[in-house]
Structure formats: structure tokens, C-alpha cells
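# An overview of the molecular structure
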Amino acid sequence: MNRNRKIDFMINDKDKTEEYDVLVVGGGIAGEEAALNLANQGYKIIMVEKDLSIGGKMIHLSKVFPTLDCAACITTPKVSETARHSNITIYTYSEVKGINKLNGSGFMARVERKPRYVNEETCTGCQICEEKCPVFVQDQFQYDLVGRKAVYVPFSIANPRIATIDMDNCILCGACEKACPADAIDFTQEKEEIPIHIKSVILATGYKLFDPVVIERYGYGRFKNVVTAMQMERQLVPTRPYNNVLRPGDGKMPDNIAYVLCTGSRDATVGNPICSQVCCMYSTKQAQLLMGALPMADITIYFLHVRAFGKGFEEFYQQGRSMGVEFIKGKIGKITEKENGDLLVRYEDIREGVVKEAEHDMVVLSVGILPDIIPEDMFLKERPELDPFHYVMQVDELSNPAKTSMKGVFVAGAASGPMDIPDSILSAGAASSETATYLRRLS
Ligand SMILES: Cc1cc2nc3c(=O)[nH]c(=O)nc-3n(C[C@H](O)[C@H](O)[C@H](O)COP(=O)(O)OP(=O)(O)OC[C@H]3O[C@@H](n4cnc5c(N)ncnc54)[C@H](O)[C@@H]3O)c2cc1C
Ligand code: SF4
Ligand code: SF4
């Protein structure tokens, strides 16, 4: 579809157009917080989430630093409140296309709803279809640690908790259709496009993880016992894939685990020279949780600098040290794999100025975070500017941090730069209050 056709589509379909005050793009903790603040003031919100469930990354976490509170216990009430709020309409498995600023009367856009091939109204999430489906593929919600079926409910606390058929892998055998007690499988579904008119937009698209395959010398993707911190995070949640912490190569319980901080952060050679702000603390958190899960295990964290800048972070770092986590100021040269799957970590001991080698049975790469927004895909003509690191630019960072270069478009959470959960919530508070002020001035 060319650009003119898109504009035609929006004008001609005016009678089908859905009207809202605010479009929130992204259903992570920042998007939920911003949507709830505005919905509670009476504004009508449309939230568009590209994944199968709202909840963002937080819904996949174990506990949160520095308090070690359960992440799901904090986030699921917010997820449910967002899903049930009468002023919030949510389109999951959907994308926003062609946001177009109108002269003086807000924005037009299209929401593209991808087919689930399952009727959202009738599916009960019973997962009987999953049992019958013969196709196994890697489960992206368990970060590829285990498999799932071609028809699947993404994860146990997903919202909405309904099945979806992954048509890239489905062999159209019909077993799920025969088994479904609710008659919910519908192979005739097609992509749907919904025109929307909104008065303002909040970008809460968050972040994506650095792919450590890029750093070949760490062996990620080649050595099975080299994992990412998100893969370790999944092993520490109550809904974990193996019911214990196991190394993926052979299912052995690890007893000597290493963390490599700053994987893909503060590293201009991989195109990301900035600090990801959360890796030092999430690694210290995981190390403490591992000491509970595997009391006999040794945990070593290789770091260049530990950034414990936030409230309670220094104490949290000291708590890790006093529990016995070993912090080594060392620059990793290379990781090699032994025949038994153990890993040799060659590093420069910066304090002693010598090159050393240490053996670990599992290595966790503390991967950095990267922006997850491509405005060219979302906006038709005028677009919010990005900063030099490709996050949404905060044009008035000190006195109005939610403001973007586009009037009526605001930014919340990690879409504007790396940040932890409390800062994402604060940022969403700023975005919602700026949006409310903007809407009041319009009326
Ligand atoms: C391993 C790990 C452990 C962590 N542990 C902690 C911790 O203990 N404590 C802490 O404070 N922080 C922690 N963090 C950081 C935490 O994940 C972030 O602070 C938080 O998730 C930011 O929330 P957000 O809503 O801004 O972004 P996200 O959680 O990334 O949510 C953004 C949402 O937007 C959606 N989206 C993106 N693009 C589009 C689009 N174009 N259209 C529609 N939807 C879109 C995404 O699918 C996602 O659902 C951790 C991070 C990692 C990697
Ligand atoms: S599609 Fe049918 S069988 Fe599958 S979860 Fe939904 S109701 Fe259950
Ligand atoms: S039709 Fe597709 S999703 Fe359904 S059981 Fe067969 S392979 Fe699985």
C-alpha cells in the first residue's frame, strides 16, 4: 500500500473510525501506568501492544532490585487493572501504522490487528489444543530455553490468556480444531485494519535486548552453557522452565557461575557506547537469588565499573558482596568451551595487571538494552526526532522530560533511554500529567 492510499483509507473509512483521547503505544509497565493515570481522570485510552500479552518485560522478571520483591506480584495487579478499566481499550498482537497529524484536530492512525486464528471471545485458554498439536518450536517467552507448540498460550500469566496459532510453523493438520471444546479455532481469520482518531499519543515502546551473538568471542549461540541474563531471569521465576536452575547444555545443576557485565553496553565497537543502567543491579540481584536457589554454588561477577547509583543500590551491592558473591575487576578476552561443556574465561585482571584464566560451568552475559522504536514504521509525515542513540528525543529533558519534538506526542519509560522500573513509572507519571495538561488546553 503506498502512502497516498493509506491517507485515502483513513478519510474514506471515517464512519468506522474509533475515537479516543490518547493512543498509548506499548503495554509495558510505563504504558500501563500512563494509561491508568489518564483513564482514572476520565480520558478514553487506546493501548496498542505488538506482543500477544500486555505486561512488557517486567511480567517476565523474577524479583526486582533492590528490594527483592516479587515482580509478578507487583505487575499483575496493574496488568489486570489496565485490562479491566472501562476507559481503556487494548489491542494486543497489533501494530500502529501511519500516524498522521491533522490540522488542528489531533491525529489519524491505523491499528493493524494480526490474526490469531483463534476466536478471542470464545477461547477459554484451556490449552487442550496445545496438547494435541504435533509441532514443537522454540518458546520465545521462555527465551528459547524450552519448546512450545505451534498453537500456544504465550505464558501462564498472560493477559489476555488466550491461544494463538503461529502460522509460520503450523502444518494445518487440524488437530487443534478437532480438539478445541469451545470451537474457537478459526483458520479464516484475516488481518484487520482499524482507523482511529486520537487527540494525543504516548510512546511507551520500551527496549529490546542486545543480541550477544554479535560478540563472537563470547561464544553465545555456539556454547550452550553461555546464556543471557534474561535466560537466567526466566530460570529464577516461579513459572520457570525446568523447576530448578540447570545449565541448558546437559541439564546439570551448575555450581560455579560467572557473569560478564557490560555485554553490549558502553562498547562503541558494537554501536552502543552508553550505559544500560540496569545490568549491574540485575546481575547483583540474580547472584543473590542464585545463592538461595543453589546454596553451594560460587558466583563471580566480572566487571569494569559497578554503577550502583540509585536509592538503596550501594547497600544492595554491598549485601551481594557480604553474601559471598565475588566481584572481579576484569576485562574478558575470550570464552572457550571444554569437551564437558565447562567454560574457560580468559580475562585481564585489571587490579593486578595480568591475564588470567578461570573455569566456570555456566556463563551469564549481562546483556545491555537497546531502543525498540522505528518512527518511520509508525508515523506518516512528521515524526518525533530520535536522540543520537536512537531513543525518542526528550527535547526538554530537565524541565519537561516527557515532551518530544512533536506537539501532542509524549514519551514514557525506557522508550526515551535505559531506565529501571521505578524510573519508568515516574517517567510514565510525567507523560500522563503532560498529556492531561495538553488535552485540557485543547478543550
Ligand atoms: C534481565 C533483566 C532484568 C531486569 N531486572 C530489573 C529489576 O530487577 N528491577 C528493575 O527496576 N528493572 C529491571 N529491569 C529493567 C526493566 O525491564 C525495565 O525498567 C522496564 O521493563 C521498562 O519498562 P517499559 O514499559 O518502559 O518497557 P518494556 O518493558 O520494554 O515494555 C514496552 C512494551 O512496548 C511494546 N512495544 C514495543 N514496540 C511497539 C510497537 N511498535 N507497537 C506496539 N507495542 C510495542 C513491547 O512489546 C513491550 O510490551 C531488568 C531488565 C532486564 C533485561
Ligand atoms: S483454542 Fe480452544 S483448546 Fe485452545 S486454549 Fe482456546 S479454548 Fe482451549
Ligand atoms: S493445525 Fe497447526 S496449530 Fe493446529 S494442531 Fe495442527 S499444527 Fe498445531
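Residues numbered from 1 in each chain as written. Chains lettered and ligands numbered in written order. Predicted model: local features only at pLDDT ≥ 70, side-chain atom pairs only at ≥ 80, totals over all residues.

## What to know about the sheet that holds strand β7 (residues 94–101)
The criterion, for reference: For two strands to pair, DSSP has to find at least two bridges joining them. Each helix is a run of DSSP H or I of at least 4 residues and each strand a run of E of at least 2, with the numbering of both proceeding from the N terminus.
Within the open sheet, the 4 strands sit side by side as β1-β13-β8-β7. Their pairing is mixed. The sheet is open, and its two borders are formed by β1 (18–19) and β7, each paired with just one other strand. Bridge analysis of β7 against strand β8 (residues 107–113) gives 6 bridges, and the strand direction is antiparallel. Within β8, the position partnered with Lys97 by the bridge is Arg110.

## Brief notes about the domain arrangement of the protein chain
The criterion, for reference: Segmentation into domains, and thus their bounds, comes from an automatic or database assignment. A pair of residues counts as a contact when their C-beta atoms, built from backbone coordinates, are separated by no more than 7 Å.
Along its sequence, the protein chain is organised into domain 1 (3–113 + 191–206 + 372–442), domain 2 (115–188) and domain 3 (210–369). Centre-to-centre, using C-alpha coordinates, domain 1 lies 28 Å away from domain 2. Taken together, the contacts link 13 residues of domain 1 with 8 residues of domain 2.

## Here's the deal with the sheet that holds strand β2 (residues 22–25)
Just so we agree on the cut-off: To get an axis, a line is fitted to the C-alpha atoms, and for a helix only the part in contact is used. The angle between two axes follows their N-to-C directions and goes from 0 to 180 degrees.
Spatially, β6-β3-β2-β14-β24 is the arrangement adopted by the 5 strands of the open sheet, whose pairing is parallel. Because the sheet does not close on itself, it has two edges, and the strands there are β6 (88–91) and β24 (409–411). Across the sheet, the axes of successive neighbouring strands diverge by a mean angle of 20°, strand direction being ignored. With respect to the sheet, helix α2 (residues 29–39) is in contact with β2, β3 (45–48), β6 and β14 (200–203), its orientation differing from that of β3 by roughly 170°.

## Remarks on the nonpolar core
Short version of the rule: By definition, a nonpolar core groups buried Ala, Val, Leu, Ile, Met, Phe, Trp, Tyr and Cys residues that connect through C-beta atoms lying within 7 Å of each other. Each residue is classified by how many other C-beta atoms fall within 10 Å of its C-beta atom, where C-beta atoms are placed from the backbone; a count of 20 or more means buried, 12 or fewer means exposed, and values in between mean partly exposed.
In this structure, Leu23, Ile45 and Ala412 are the most contacted members of the largest nonpolar core, which totals 101 residues. When residues are assigned to domains, this core turns out to be shared by domain 1 (3–113 + 191–206 + 372–442) and domain 3 (210–369), each giving three or more. Excluding its chain neighbours within four sequence positions, the residues that come into contact with Ala412 are Ala30, Gly31, Ala34, Ile202, Ala204, Ala402, Ser427, Ala428 and Ala431. Counting residues in hydrophobic clusters, the runner-up holds 19 residues, among them Ala163, Ile165, Ala184 and Ile185.

## Overview of the site of ligand 3
Operational definition: Nearness rests on one distance test: the residue's C-beta atom, set from the backbone, must lie within 6 Å of the molecule or strand. Following the grouping adopted for this structure description, the nonpolar residues are Ala, Val, Leu, Ile, Met, Phe, Trp, Tyr, Cys and Pro, the charged ones are Asp, Glu, Lys and Arg, and the polar ones are all others, Gly among them.
Not every one of the 13 residues close to ligand 3 is listed here, only the nearest: Cys133, Val151, Cys170, Cys173 and Cys176. Per-class residue counts for the shell around ligand 3 are 11 nonpolar, 1 polar and 1 charged.

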